[in-house]
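# Coordinate analysis (summary)
Below are the chains, spelled out letter by letter.
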Amino acid sequence: MRLALAVASLVVMVGSGAVVYKETQASWQDHQRAYFAQAKAQAKSDAERASLSVKTPKIEQTIVTAFGTSRVERCESCHIASDDPRFASAEEPLKTHPYSAAMGDTYKDGRWERKHKFSEFGCTSCHDGQGRGLTKADAHGEDEYWPTPMLGYVAQADWKKENAAHLHGAEFIQANCAQCHKDRNFAGTAIVARGRELFFKEGCFGCHRIQGISSGTIGPDLTEVGKERKLDYLWGHIVDPRAYTPTSVMPQFKLSDDDKKALVIFLKSRRGSSPSESSVDQYKVEASNTAPVPDSVAEVATAITAAKTPAERGRQLIEGYACLSCHKLDDHDGGISPDLTHEGLMRDRSWLMSHFQNPRSQITDSNMPTFALPEKDFDDMSAYLMTRTTMPQATTPAQTFQTLCARCHGEKGNGQGPNSIYLDPAPRDLTRAEFMSTKPQLRLITSIHDGVAGTSMPPWGKTLTDAQIQGVLDYVWAAYVKEKPHQIKARKLPDANPVAMSADSIHRGESIFLQRCTGCHGRKADGHGPNSIDITPRPRNLTNTAFVQSVSDRRLFESIEYGVDGTAMPSWIDYGLSQNDVGDIVNFIRSLNKPGK
């Protein structure tokens, strides 16, 4: 027992000694000793030299109370020469903090006067980091769990190397400058202003909300993203959204590194309430955030009012509102959304206006945002798109497919075109012979000619002749299906639902649906059941009213009773469903998609 106590006491003594040694030999003390020695060598009087001779290292601590929340600042324990102009050429940490006219510093009578005095603002209000830290790693926030590493100077160990290489530089501090300096013309936050411009130019405002700036609803609210996310995440998510959120529908924008940096700095500046604002000021900001049109969006419309015709104004609006960041038009291809080159042949004005005002009114699972724009803007853009009536050049079926179809269906016909990941439902995989060869030719031709309601498959009937449509279909069979159409067996199916629509039938159909169908189609029948993520093609969204209303009872019966070849949809007559059961399910599905919904 005595031996154990002796050993424990020895361990405590050694540990305590190590802590004492570490503190007495801390690097901040070495920095201060070096400063005293160098300052003494530069002293201009015996009195100054004498005062420096008796100085000993001590923790330099300031409690900042005049800017934001109260906090402890010990940065000058190492950066002790930060306010000594004689050390402007020294190495860090014994280097004078630079002066900046852009940030309000003034030069008068041969000396600089700081706008942001360390005693009032501290260091972390601009640089981030951990003000209490007394080692470089602690003070600079190198610990990966510290939420605010020094902006532009520290890349934490868990950051991806390919991202971290882009996140160094004093310019990142502008994200913090913008907390108070909100004027878009302020010289010290020029990169923040550039990022804000890109936020509108690239159409980000349509999907994302930022309080007082934009009102998008599809993507996450970015009002406080600068407080919630580090630089590594912001950069990486812009470069490849799906690397961070596998189900993201955010596109990969074609941006230069400088533009990415500007967007990152702008987003990092979004911290919600500002430390320079009182609660009353913040309330005023929130209360004023009711305007349906953000100011930068209004600027787009104002800049092009000189257009001679509505169609010409509409063309300029499509460019100004960043539509081509996603869509294709002539030789410009955003690589994300449908081709608008022949839109006037495929859609009428009513469809275009409805789609502009609410994209999901026409394509239920569209990821196009609802832009809060004036109706006149929508009307003029529709007017321009209605002028897009030039027929595509006559080409071979293979060329027609590659020009018009491959963006969605893929060059290899496998449904994996460049914009396929942004479409729901996904484009059909034309290489699945088990699906293609079991469908009547008329159905396939109709899908091309009339499009598929409620989806991104447009009607090509006015863009291609009947002969061209048949040629494309023949090409698909020869190049991708590579099988002859099967002889389709006659099936005993009703042309109309034999079960009358009633509350009782709908209730029975819902009960069966919940028991049998929710694993794939989901409890809401929206195609997002727990099994859906592992199924290709994804289960059908049965609340897609435009699609459900476009298909006959016979087709619904066939899909439920006999399944859908080439998909995960099984034949439910093999699992004991009667035709009356199927009739009840069809009535339940129809009840979810009543006319006018």
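Residues numbered from 1 in each chain as written. Predicted model: local features only at pLDDT ≥ 70, side-chain atom pairs only at ≥ 80, totals over all residues. Heavy atoms only, no water.

### Points about the nonpolar core
With 49 residues, the main nonpolar core has Phe199 and Met381 as its most contacted residues. Among the elements that line this core, the one with the most residues is helix α13 (residues 257-268), at six residues. Counting the residues that make up this core, at least three belong to each of domain 2 (161-288) and domain 3 (306-386). When sequence neighbours within four positions are dropped, the list of residues in contact with Met381 reads Gly314, Leu317, Ile318, Tyr321, Phe356 and Leu373. Ala406, Ala433, Leu444 and Leu473 belong to the second largest nonpolar core, which has 21 residues in total. (Core = buried A, V, L, I, M, F, W, Y, C linked by side-chain atoms within 4.5 Å. Buried < 20%, exposed > 50% of the residue type's maximum accessible area, 1.4 Å probe, protein only. Helix = DSSP H or I, 4+ residues; strand = E, 2+ residues; numbered from the N terminus. Domains from an automatic or database assignment. Contact = heavy atoms within 4.5 Å.)

### So, the domain arrangement of the chain
How big an interface is tends to be reported as the loss of accessible area on association of its parts. Each domain of the chain was delimited in the assignment, giving domain 1 (28-97 + 118-150), domain 2 (161-288), domain 3 (306-386), domain 4 (397-481) and domain 5 (503-592). Centre-to-centre, using C-alpha coordinates, domain 1 lies 69 Å away from domain 5.

### Concerning the side chain of Glu202
Relative to the helices and strands, Glu202 is located in the loop between α9 (190-201) and α10 (204-207). Among buried Asp, Glu, Lys and Arg side chains, Glu202 stands out as unpaired, with Lys201 the closest opposite charge at 5.1 Å. If we ignore the near neighbours within four places in the chain, the residues touching Glu202 are Phe253, Leu255, Ala322 and Ser325. (Lys, Arg positive; Asp, Glu negative; His and termini not counted. Salt bridge = Lys/Arg side-chain N within 4 Å of Asp/Glu carboxyl O.)

### What about the packing of helix α22 (residues 441-450) against helix α23 (residues 466-481)?
Look at α22 against α23: their axes get within 10 Å of each other, and the N-to-C directions meet at 120°. It follows that α22 is oblique to α23 by the angle criterion. Between α22 and α23 lies a crossing whose hand is right-handed. Side by side, α22 and α23 meet where Gln441, Leu444, Ile445, Ile448 and His449 of the first sit next to Asp466, Ile469, Gln470, Leu473 and Trp477 of the second. Here the contact of α22 with α23 is composed, by residue class, of six nonpolar, three polar and one charged. (Axes fitted to C-alpha atoms, helices over the stretch in contact; angles between N-to-C directions. Parallel < 35°, antiparallel > 145°, perpendicular 65-115°, else oblique. Left-handed = near helix turned anticlockwise from the far one by under 90°. Nonpolar A, V, L, I, M, F, W, Y, C, P; charged D, E, K, R; others polar.)

### Considerations on unusual backbone geometry
Backbone geometry follows two general trends: most residues other than glycine have a negative phi, and most peptide bonds adopt the trans configuration. Residue Pro93 follows Glu92 across a cis peptide bond; omega there is 5°. Note that Pro93 resides in the loop between β2 (71-73) and β3 (106-108). Here the residue pair Asp424 and Pro425 is connected by a cis peptide bond, since its omega of 5° sits within 30 degrees of zero. Located in the positive-phi region is Lys482, a residue other than glycine, with phi close to 60°. Relative to the helices and strands, Lys482 is located in the loop between α23 and α24 (503-516).

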